[in-house]
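One-letter residues, chain by chain:
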Amino acid sequence: MTTTPQLAALIAWGSIGLVLVFALITGAVVVGAFSFGLVGLDRYQKARGNGGGGSTTVEAAAPTAGDPRPSDPANAQTQDRESLAFLSLIVAVFCFAICVLGIAAGLWAMLNKVS
Amino acid sequence: MSEGLIIIVILVAFALAFDFTNGFHDTANAMATSIATKALPPRVAVGISGALNFIGCFLSLAVATTIAKGIVNTGQITVEAVFAGLIGAITWNLLTWLLGLPSSSSHAIIGGIVGAAIITGGWSAVKYDGILSKVLVPAVASPIIAGAAAALAVFLAGYITARSRPEFMARGYRIGQIVSASLVSLAHGTNDGQKTMGIITLALIVNGNIAAKAGVPLWVIVTCAASIALGTYIGGWRVIRTLGHRLTSITSQQGFSAESVSSAVILGAAHFGFAVSTTQVTSGSVMGSGLGKGVGLRWGVVGQMCLAWLITIPVAAVFGGAATELAKAIGGLPGVIVTGLIAAAVFGVIYWAAQRQPVTANNVNDPEPQTEALAASAPTA
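What to know about the overall build of chain B
Part 1: Helix and strand content of chain B: 13 helices and zero strands.
Part 2: Reading the secondary structure of chain B in the N-to-C direction produces α-α-α-α-α-α-α-α-α-α-α-α-α.
Part 3: Seen through its principal axes, chain B has C-alpha atoms that stretch 70 × 40 × 35 Å.
Part 4: Within chain B, the fraction of its 381 residues that count as buried is 60%.

Written as structure tokens, this is what we have:
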């Protein structure tokens, strides 16, 4: 008859623990990164859409020599939106890159599994 | 043609049939949530999954040459016992498909071979410690791990995207679902395709058709890959409907989270040498995604599913044992042929029963009133 200590020895607690930690971390990181990436894209689109979009806005926002109104609130607001759009895009690209790394790691694990 | 060779040909045919039911049964694992959230049209989803299963079979050849290694005394396994085990596994796969219940094909084949081994070599032929450590513990642990990780992932995703445009997010997650579901399909091909390759290779070695240390013949790889891919493409729509619509209400965010976590658990477990069932992992993830979202689960369906998991090995063992007994009673090649014909008739009856209330690509996404009511009554749904 199998006793409790023997039973405990049969269960690969180490592997179970590793898989649990791996699943929690990978799941949270990949899903979290993808979600942040989508939020970044959403913010990017919102900023571009609300700002009237395109390079015209950037040109309009750029201070020119002898500009009598360097601190024009409308220009400053447009500049803020452009900065936010750029920042959001950077965040999105970074987060999606993490997801791509996750996929690459998955493919690597697939090709290097324990038989 | 010698008697042994004819038995091998019949065994190969049944092994490929098992591979077909494996793909057919497990299409849901990868694609149920993508189909439910309409990230992909049903036919396109099973087409992609079938193609990736096919490719997956060629990606890694770390084949387990003995499917039941550590579970039965392999010295007592004969070609006839493997044949009977396959009959047990196919019967169980078809029965659970008829009932729309996701269950493990790997456990089914293990159960079938255990039953055949008991008839061939007595109760001592089974290594009960191996069943506990290699089958039962992973069967309990893997859905819990996947469920916990999926619940956390869905909760996190909901928190991060709370102030974003829902339609934009849903579109983004649907694209993500295509990638994550594809990864599960690929992983399924590398894991499950190899099991049948192992069975056929083992039979060829036992019969002396190939050398003991020979690799898997190319024709075995190609036929197994084609068989699992075809099964996947045909699509076990009944199981897809259960995982996609009957367990819980699924949004694209839940689907993406569940599939990503499933990939992580399946690939992580394979890497760390912990054998898990793809079916149980994906089912656990889907359940966890429902709980993490606060939608809740249909516990009646969960109960049916858990019961199916619990009885997979014993019932497949009974089928496998019965097939072995019949083949032994008649004896030799006639025994194998008669048992095979009776099994084929049983498979036909199950298929006929399924056609009385068919679930197809056309009605797989029909509304499920009880699940919709569950989603409507959930505070955060």
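Section: the environment of tryptophan 237 of chain B
Residues and elements named next belong to chain B.
Part 1: Checked against the element boundaries, tryptophan 237 lands in helix H8 (residues 237–246).
Part 2: Tryptophan 237 gets classed as buried once you count the C-beta atoms within 10 Å, which come to 26.
Part 3: Residues tryptophan 237 and asparagine 365, 128 residues apart in the sequence, show an inter-C-alpha distance of 9.8 Å.
Part 4: Residues contacting tryptophan 237, with those up to four places away along its chain left out, are Val359, Thr360, Ala361 and Val364.

Here's the deal with helix H11 (residues 299–330) of chain B
All names here are of chain B.
Part 1: Helix length check: H11, at 32 residues, gives a terminal C-alpha distance of 45 Å against a target of 46 Å (1.5 Å per residue), a fit within 8%.
Part 2: Of all the bends in H11, the largest measures some 50° and sits at isoleucine 311, one to four residues before the proline proline 314.
Part 3: Just past H11, the residue glycine 331 takes up positive phi, approximately 85°.

Here we look at the confidence of the model for chain B
Part 1: Put simply, chain B has an average pLDDT of 89, and 97% of its residues get 70 or more.
Part 2: Among the prediction metrics, the complex's ipTM stands at 0.85, with pTM recorded as 0.87.

Points about helix H9 (residues 252–272) of chain B
Residue and element names in this part refer to chain B.
Part 1: Look at H9: 30 Å from first C-alpha to last across 21 residues, which is about the 30 Å you get at 1.5 Å a residue.
Part 2: Counted residue by residue, H9 has 19 buried out of 21 residues, so it is predominantly covered.
Part 3: Remark: glycine 273 follows H9 within two positions and exhibits a positive phi of approximately 75°.

Details of the interface of chain A and chain B
Part 1: Between chain A and chain B, the residue contacts involve 33 residues of the former and 45 residues of the latter.
Part 2: Elements with a contribution of two residues or more to the side of chain A that touches chain B: helix H2 (13–50) and helix H4 (73–111) of chain A.
Part 3: Ranked by residue count, the leading element in the side of chain A that touches chain B is H2 of chain A, at 21 residues.
Part 4: The class makeup of the residues in the side of chain A that touches chain B is 23 nonpolar, eight polar and two charged.

Regarding the environment of valine 349 of chain B
Part 1: Tracing the backbone through its elements, the reader meets valine 349 of chain B in helix H12 (residues 332–355).
Part 2: Considering only alpha carbons, one finds valine 349 of chain B and isoleucine 160 of chain B, 189 residues apart in sequence, at a separation of 51 Å.

Observations concerning the nonpolar core
Residue and element names in this part refer to chain B.
Part 1: Counting residues in hydrophobic clusters, the biggest one holds 140 residues, and the most contacted among them are Ile113, Val114, Ala117, Ala149 and Val265.
Part 2: With 17 residues, the top contributor of residues to this core is helix H1 (residues 3–36).
Part 3: With sequence-adjacent residues up to four places away left out, alanine 117 is seen in contact with Val72, Gln76, Ile77, Ala81, Ala125 and Val126.

Rules used throughout
- Residues numbered from 1 in each chain as written.
- Chains lettered and ligands numbered in written order.
- Predicted model: local features only at pLDDT ≥ 70, side-chain atom pairs only at ≥ 80, totals over all residues.
- Helix = DSSP H or I, 4+ residues; strand = E, 2+ residues; numbered from the N terminus.
- Buried ≥ 20, exposed ≤ 12 C-beta atoms within 10 Å, placed from the backbone.
- Contact = placed C-beta atoms within 7 Å.
- Expected span 1.5 Å × (residues − 1).
- Bend = angle between axes of the 7 residues up to and from the residue.
- pLDDT = per-residue confidence, 0-100.
- Nonpolar A, V, L, I, M, F, W, Y, C, P; charged D, E, K, R; others polar.
- Core = buried A, V, L, I, M, F, W, Y, C linked by C-beta atoms within 7 Å.

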